[in-house]
Amino acid sequence: MLLRVILKRMLAMIPLLLVIATLTFMVIRVVPGGPFDQERNLPPQILANLNAKYHLDKPVLEQYWLYLGRLCHGDLGVSYKYVDRTVVDIIKDAFPVSIQLGGAGLLIAILVGVPLGTIAALRRGTHIDHLAMFVSTMGLSLPLFVVGALLILIFAIWGRILPAALWESPFHAILPAVTIAFKPMAYIARLTRASVLEILQKDWVRIARSKGLSESATIIKHVLRNALIPVVTLLGPVSAVMIAGSFVVEIIYAIPGMGRFFVTAVMNRDYDLIMGITLIFSVVLVITNTIVDVLYMILDPRISYE
Amino acid sequence: MNKQFLKQFKKMPMACGSLVFILIISIIAILNSMGLNLSPYAFDQTTPDALQSPSFTHPMGTDELGRDLLSRVFYGAQLSIGIGIFTAIMSFVIGTIYGAIAGYCRGKVDAILMRIVDVAYALPDLLVMILIGVMIGRGTLGILLALGLVSWRGTARLVRAQFLQLHQEEFIEAARALGQSHLDIICKHMLPNSLGPVIVAVTFTVPMAILSESTLSFIGLGLSPPACSWGTLASDGWRSLRTTPHLIFFPGIFIFTSVLAFNFLGDGLRDALDPRTKASSKQFF
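Everything numeric here is computed off the predicted structure, so don't read it as measured data.

*Asks:* Any details on the overall build of chain A? Residues and values, ideally.
*Replies:* Each helix and strand counted, chain A has twelve helices and zero strands in total. Along chain A, helices and strands appear, N-terminal first, in the series α-α-α-α-α-α-α-α-α-α-α-α. Projected onto its principal axes, the C-alpha coordinates of chain A cover approximately 85 × 55 × 30 Å. Here chain A, with 306 residues, has 38% of them falling under the buried criterion.

*Asks:* Now, about the overall build of chain B: what can you tell me, with residues and values included?
*Replies:* Secondary structure summary: chain B contains ten helices and zero strands in total. Listing each helix as α and each strand as β along chain B from the N terminus yields α-α-α-α-α-α-α-α-α-α. By its C-alpha atoms, chain B is 75 × 45 × 35 Å across when sized along the principal axes. Buried residues in chain B amount to 47% of all 285 residues. Pairs at least 24 residues apart make up 66% of the contacts formed inside chain B by residues separated by at least 6 positions.

*Asks:* So, the interface of chain A and chain B: which residues are in play, and what are the values?
*Replies:* Tallying the contact residues gives 39 residues for chain A and 37 residues for chain B. Going through the elements one at a time, helix 1 (2-30), helix 5 (127-141), helix 6 (144-158), helix 7 (170-200), helix 10 (235-252), helix 11 (258-268) and helix 12 (271-299) of chain A are the ones with two or more residues in the side of chain A that touches chain B. In terms of residue class, the side of chain A that touches chain B is made up of 32 nonpolar, five polar and two charged.

*Asks:* Provide a residue-level description of the confidence of the model for chain A, including the pertinent values.
*Replies:* Per-residue confidence for chain A gives a mean pLDDT of 83, with 96% of residues at or over 70. For chain A, helix 2 (residues 44-53) of chain A is the element with the lowest average pLDDT, namely 75, and helix 4 (residues 87-122) of chain A is the one with the highest, namely 89.

*Asks:* Could you give an account of the environment of A:Phe36, with specific residues and numbers?
*Replies:* Residue and element names in this part refer to chain A. Along the chain, the position of phenylalanine 36 falls in the loop between helix 1 and helix 2. The exposure class assigned to phenylalanine 36 is partly exposed, which follows from the 17 C-beta atoms found within 10 Å. Residues phenylalanine 36 and methionine 133, 97 residues apart in the sequence, show an inter-C-alpha distance of 50 Å.

*Asks:* Account for the domain arrangement of chain A, with residues named and values stated.
*Replies:* All names here are of chain A. The domain architecture assigned to chain A consists of domain 1 (2-72) and domain 2 (87-265 + 274-299). Listed per partner, the contact involves twelve residues of domain 1 and ten residues of domain 2. When grouped by side-chain class, the residues that make up the side of domain 1 that touches domain 2 number ten nonpolar, one polar and one charged.

*Asks:* Describe the nonpolar core, naming the residues involved and giving the relevant values.
*Replies:* Counting 155 residues, the largest nonpolar core has A:Phe145, A:Ile188, A:Val248, A:Phe262, A:Ile274, B:Val73 and B:Leu127 as the members making the most contacts within it. It is helix 7 of chain A that provides the largest number of residues to this core, a total of 17 residues. Among the domains, domain 1 (2-72) and domain 2 (87-265 + 274-299) of chain A are the pair contributing at least three residues each to this core. Discounting chain neighbours no more than four positions away, the residues touching A:Val248 are A:Leu144, A:Phe145, B:Thr215, B:Phe218 and B:Ile219.

*Asks:* Describe the packing of helix 9 (residues 215-233) of chain A against helix 12 of chain A, listing the residues and the values that go with them.
*Replies:* Residues and elements named next belong to chain A. Packing of helix 9 against helix 12 brings their axes to within 9 Å, and their N-to-C directions diverge by 165°. It follows from the interaxial angle that helix 9 and helix 12 lie roughly antiparallel. Pair helix 9 / helix 12 crosses with left-handed handedness. In this structure, helix 9 uses Ile229, Val232 and Thr233 to contact helix 12, whose residues at the interface are Val292, Leu295, Tyr296 and Leu299. Class assignment of the residues belonging to the contact of helix 9 with helix 12 gives a composition of six nonpolar, one polar and no charged.

*Asks:* An account of helix 6 of chain A is requested, with residue identities and associated values reported.
*Replies:* In this model helix 6 of chain A runs 20 Å from its N-terminal to its C-terminal C-alpha over 15 residues, within 8% of the 21 Å that 1.5 Å per residue would give. All buried positions along helix 6 of chain A are accounted for by A:Leu144, A:Phe145, A:Val146, A:Val147, A:Gly148, A:Ala149, A:Leu151 and A:Ile152. Buried residues belonging to helix 6 of chain A abut helix 7 and helix 10 of chain A together with helix 8 (182-218), helix 9 (230-238) and helix 10 (246-273) of chain B.

*Asks:* Hey, could you go over unusual backbone geometry for me, with residue numbers and the actual values?
*Replies:* A positive phi is found at A:Ala254, a non-glycine position, where the angle reads about 50°. Residue class for A:Ala254 comes out partly exposed when judged on the 13 C-beta atoms lying within 10 Å of it.

*Asks:* Tell me what's going on with helix 8 of chain B, and back it up with residues and numbers.
*Replies:* Residue and element names in this part refer to chain B. Taking 1.5 Å of rise per residue, the 37 residues of helix 8 would be expected to cover 54 Å, yet its terminal C-alpha atoms sit only 46 Å apart, more than 12% below that figure. Of all bends in helix 8, the biggest is about 50°, found at leucine 195, and the proline proline 197 comes one to four residues later. Among the residues trailing helix 8, glycine 220 stands out with phi positive, at a value near 90°.

*Asks:* Could you give an account of the confidence of the model for chain B, with specific residues and numbers?
*Replies:* Residues and elements named next belong to chain B. Of the residues in chain B, 93% reach a pLDDT of 70 or more, and the chain-wide mean stands at 81. Overall, residues 278-285 carries pLDDT values under 50, and its contacts beyond four positions in sequence, including any with other chains, amount to 18 contacts. Interface confidence in the predicted complex, given as ipTM, is 0.82; pTM for the same model is 0.85.

*Asks:* Lay out the environment of A:Lys8 with the relevant residues and their values.
*Replies:* Mapped onto the elements of the fold, A:Lys8 is located in helix 1. Residues A:Lys8 and A:Leu150, 142 residues apart in the sequence, show an inter-C-alpha distance of 45 Å.

*Asks:* Provide a residue-level description of the packing of helix 3 (residues 69-105) of chain B against helix 8 of chain B, including the pertinent values.
*Replies:* Residue and element names in this part refer to chain B. Across the interface, helix 3 lies against helix 8 with an axial gap of 8 Å and an inter-helix angle of 145°. For the crossing formed where helix 3 meets helix 8, the hand is right-handed. Contact residues: helix 3 offers Ser80, Ile83, Gly84, Ile85, Thr87, Ala88, Ser91, Phe92, Thr96, Ala100 and Tyr104, while helix 8 offers Ile186, Leu191, Val198, Val202, Thr205, Val206, Ala209, Ile210 and Glu213. Its residues assigned to classes, the contact of helix 3 with helix 8 shows 13 nonpolar, six polar and one charged.

*Asks:* For the environment of A:Glu198, give the residues involved together with the corresponding values.
*Replies:* On the secondary structure map, A:Glu198 appears in helix 7. Judged by the 16 C-beta atoms lying within 10 Å of it, A:Glu198 falls in the partly exposed class.

What counts, and at which threshold
Residues numbered from 1 in each chain as written. Chains lettered and ligands numbered in written order. Predicted model: local features only at pLDDT ≥ 70, side-chain atom pairs only at ≥ 80, totals over all residues. Helix = DSSP H or I, 4+ residues; strand = E, 2+ residues; numbered from the N terminus. Buried ≥ 20, exposed ≤ 12 C-beta atoms within 10 Å, placed from the backbone. Contact = placed C-beta atoms within 7 Å. Nonpolar A, V, L, I, M, F, W, Y, C, P; charged D, E, K, R; others polar. pLDDT = per-residue confidence, 0-100. Domains from an automatic or database assignment. Core = buried A, V, L, I, M, F, W, Y, C linked by C-beta atoms within 7 Å. Axes fitted to C-alpha atoms, helices over the stretch in contact; angles between N-to-C directions. Parallel < 35°, antiparallel > 145°, perpendicular 65-115°, else oblique. Left-handed = near helix turned anticlockwise from the far one by under 90°. Expected span 1.5 Å × (residues − 1). Bend = angle between axes of the 7 residues up to and from the residue.

Below, the structure is given as structure tokens:
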């Protein structure tokens, strides 16, 4: 049953990826200007040779078929800007970095967001609740680069406790991870609060209390276990938020991850690299969404995806 | 829309305060666009005092060309707020028409139209904006279109859901039985009845657009100088974070407070337009 859902999702991914590949391809090729425009004083013959080597002189449709053909063999093409590196090479280096950053961020977001939302719900209407909700609203309203700038200013420039940039030791990961965790943390706290509030009204919570179960046991065993189920669904949207966040965070902290490569690739019109990273991002999102659905089915057997 | 709504809305100090704040910022932006300057310096006027910290003559300090940051932030309100509101209007128009067609026709049309929205939802907003921005070009127009073309999807889904629900109402059936035309049913009966949640959603589009514009400008794929928005100002300030942090701090504060204000306004509108959802109104946007 579970396996069938997973298989179905993976099969559905193929047409989705094809549509995304087609749209992205058309979007970036429609624009005037090519990857070698920025190189100044390139003799026209060299330019023509370069374009011929990468098949950029052919009509767009033919380029598209060529690209799809290579894609089927798992060949994502070469980067025009990073000489001698294939897109697969770049992704192999950048992907683990981004996954580590995203994973650390997700961990922080959950570890802070869930308690924050729970406390806010348990102390509903008090100053603690207002404060927690204010913090989470702030998380949704502050631009990431302002968060990053503040953290760097406080901890790296004034405090000199943490490194301000680069990606070398776990120490270097603290500030970026906190920055990227800011927004997901706010989402998680808000949803946890709403969900806990809803569960607190249920009969079984009243029963647990009336049979003399301690408050902490009631909260952990009866409230949180049920309240966190909807929070799991957030993993899908949160990973999309993380990808968007990585564009900013990886630039702020000069981290060689997927987000920064994507932004520079767009700037350089590095066609194959743009395509490759976009496709990897879509695969990641489809997979996280599948994981969410499967987790949801395990946690709440009443739900089926037939 | 009526007295009940106003009464509800007035009870919310946060939402009312936010509305006042938004009005002030908008007035500053409008006055600026009419050429009226609210500070002693023009937004592009250079002075010899470069990179000064906030002082009495320059309440927010000056940048590396000696331009008064206060005047520049006031001037940047035009683009930032303008982009936010324009995006909201675009998302309202496109989303409503798209959602109305899907929700009214139902069946195959609906399935196809919603599939397209699903595909558009498969990637993060910011990534799609970047790709569309690349296609159209990086000027103000490119950013406006990129934001507008991305933000309507949520509105479309919402309008469609409202319409599907309304199909089951008796007054729609009555209208159909009376022989009213499709257009009449859509415009006179269904749209007015689904407007509430759509207005709330559109209010939340404004802060989303302001944040996206500033983020795009910050990573270098949005507006770039000489265009002057809060995003480009913050992006300029970022380069001198170590020596003059106020250059990123003040534009950041303005982005933050206006986004916060629009979010609070949206919360207030939601509570006022639909008191039933009050319990869950503090969920998340």
